[in-house]
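Read off the chains here:
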Amino acid sequence: MSLVISDILNHLHINDINEAFSTGSNWGSSPDTEVKDIFSPTDGKKIASVKFATADDYNSVVETAAKAFKTWRTIPAPKRGEIVRQIGEQLRANKKELGTLVSYEMGKSLQEGYGEVQEMIDICDFAVGLSRQLYGLTMHSERPEHRMYEQYHPLGIIGVISAFNFPVAVWAWNAMLAWVCGDVCIWKPSEKTPLTAIACQHIAQEVFKANNIEEGVSCLIIGDREVGELMANDSRVPLVSATGSTRMGKAVSAAVGARLGKSLLELGGNNAIIITENADLDMSLIGAVFGAVGTAGQRCTSTRRLIIHENVYEAFKQKLVSAYSQIKIGDPLNENNHMGPLIDQDAVNLYLDSIEKCKAEGGKFVVEGGKLEGDAYRSGCYVKPCIAEVENHYQIVQHETFAPILYLIKYKTIEEAIELQNGVPQGLSSAIMTNNLREAETFLSYAGSDCGIANVNIGTSGAEIGGAFGGEKETGGGRESGSDAWKVYMRRQTNTINYSKTLPLAQGIKFDL
Ligand code: UN1
């Protein structure tokens, strides 16, 4: 086991990772239990051997969670918020270790690893406040001496399926809100990044234990696709929140929909920045490069397309080419590096394949890509960020490739730019760079961006937790994190109370006996 990992596990007082996350005493004891080795994309070293769940393990976790829900929902929301506050404190205290673990296990830069832990801390703070604001409305009844209002009750077990690229923050968006709402969570993290999940589960479990809360409010289940399928088909799980590819989301949505459950989907993006002739080009450059290269292009909010006005196209292209020549790629734990590896060999192959497809369709690379070789890149997961001039309609451009490939597209009018921006199947994040009010407001209007997120003079990635996060079309329509996203974790009940001495019917209907 690598030194980074053993130090961090010691710091978090985790002696046995397979003990640290188990909920239900029989976890991993079946002869069918598979133990899988996990490797870091950073240096290719094995970082852990993790027990994968069987269907029996899954069932025992659901039973433990269902039992815990009965008690958890009786605790007043602000008291639940207090427990979430303590979890936030623990995340603060362990930010350095957790951020390092995220960076080492997933491969994002250390800065971004810390940023991800900060995102968890922020959502804890948000959830604490929310625990006193689970408001419903009151309405005026049409009948005399009647009162009408609505209230929100917890749903039950929330299944959280998260992706490797934000191995912990997206769980926190869901879990912290679900907990203050009175729900319990079963988290199925990506099987590519189980260790950060185990560390977070351990932290949460310790806090629940210290508050004498019975086991099962926070559950973690490490497993492959079958576990996700069990969850999606399980009517004991009223809401499944899933982050990942559009293909995965369609399967989850179909299974959950078939049993009329609820799903919250946060799927692929194909995000563009429109760079107008009225843009501050230096500012645009930072937004574009961070958006395309940050997390090695593996955010669902990563900038994949730049739609650039013809009058500034050449100048901006030159700036980009020169900025890309300065990008340092290597060990993400070394803070001098801007970009770490892709998650695994499969991701590298997809990246290489996409470059080939782009060339075959006529794409012209102005910064060439390729796999990096040599001792510093021995994991085999490091690649060069690249830039290609393309047409928006190319099949490869219409597709989300989770890698640092940036496409350049030229435009003449703002209407054309918006049409190009919207002309993909996905609808997550979008941005315009301009100092012109008309351009900015057109982009934000009903005739503008069709995405869930539309920014002015900010790139497409790096959303704050306070807003609702998610997108339209093939992005799945879900909203997580801030604003009123909490409502999806609760069931709404409308209550009408008659305190008169008669029973008048609504709509003036007469019914006398
Ligand atoms: C994701 O890639 O699934 O807006 C989430 C961002 C981050 C979250 C990304 N706050 O880029």
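Small disclaimer: the values here were computed from a predicted structure and weren't measured. (Residues numbered from 1 in each chain as written. Predicted model: local features only at pLDDT ≥ 70, side-chain atom pairs only at ≥ 80, totals over all residues. Heavy atoms only, no water.)

A. Here's a closer look at the sheet that holds strand 11 (residues 303–309). Pairing is mixed in the open sheet, where 7 strands are placed in the order 12-15-16-11-10-18-19. Two strands bound the open sheet, and with one partner strand each, they are strand 12 (364–367) and strand 19 (453–456). Put simply, the sheet's adjacent strands are angled 25° from each other on average, direction ignored. Relative to strand 19, strand 18 (residues 429–433) runs parallel, the two sharing 4 bridges. By the bridge assignment for strand 19, Ala-431 is matched with Asn-455. (Pairing = 2+ DSSP bridges. Helix = DSSP H or I, 4+ residues; strand = E, 2+ residues; numbered from the N terminus. Axes fitted to C-alpha atoms, helices over the stretch in contact; angles between N-to-C directions.)

B. Region of the structure containing the side chain of Glu-116. When you line up the elements, Glu-116 lands in helix 6 (residues 110–130). Looking at Glu-116, the relative accessible area reads 0%, which means it is buried. (Buried < 20%, exposed > 50% of the residue type's maximum accessible area, 1.4 Å probe, protein only.)

C. Up close: helix 5 (residues 95–106). An ideal rise of 1.5 Å per residue puts 16 Å on 12 residues; helix 5 measures up with 16 Å between its terminal C-alpha atoms. In terms of residue burial, helix 5 counts as a mostly covered element, since 10 of its 12 residues are buried. The set of residues buried in helix 5 consists of Glu-97, Leu-98, Gly-99, Thr-100, Leu-101, Val-102, Ser-103, Tyr-104, Glu-105 and Met-106. Once helix 5 ends, the next one or two residues include Gly-107, with phi positive near 100°. (Expected span 1.5 Å × (residues − 1).)

D. Local environment of unusual backbone geometry. Despite not being glycine, Ser-481 has its phi angle at roughly 75°, a positive value. Relative to the assigned elements, Ser-481 resides in strand 22 (residues 480–481). Overall, Ser-481 belongs to the buried group, its relative accessible area being 1%. The backbone of Ser-483 shows a phi angle near 50°, a positive value even though the residue is not glycine. Tracing the backbone through its elements, the reader meets Ser-483 in the loop between strand 22 and strand 23 (490–498). Look at Ser-483 and you get partly exposed, because its relative accessible area is 42%.

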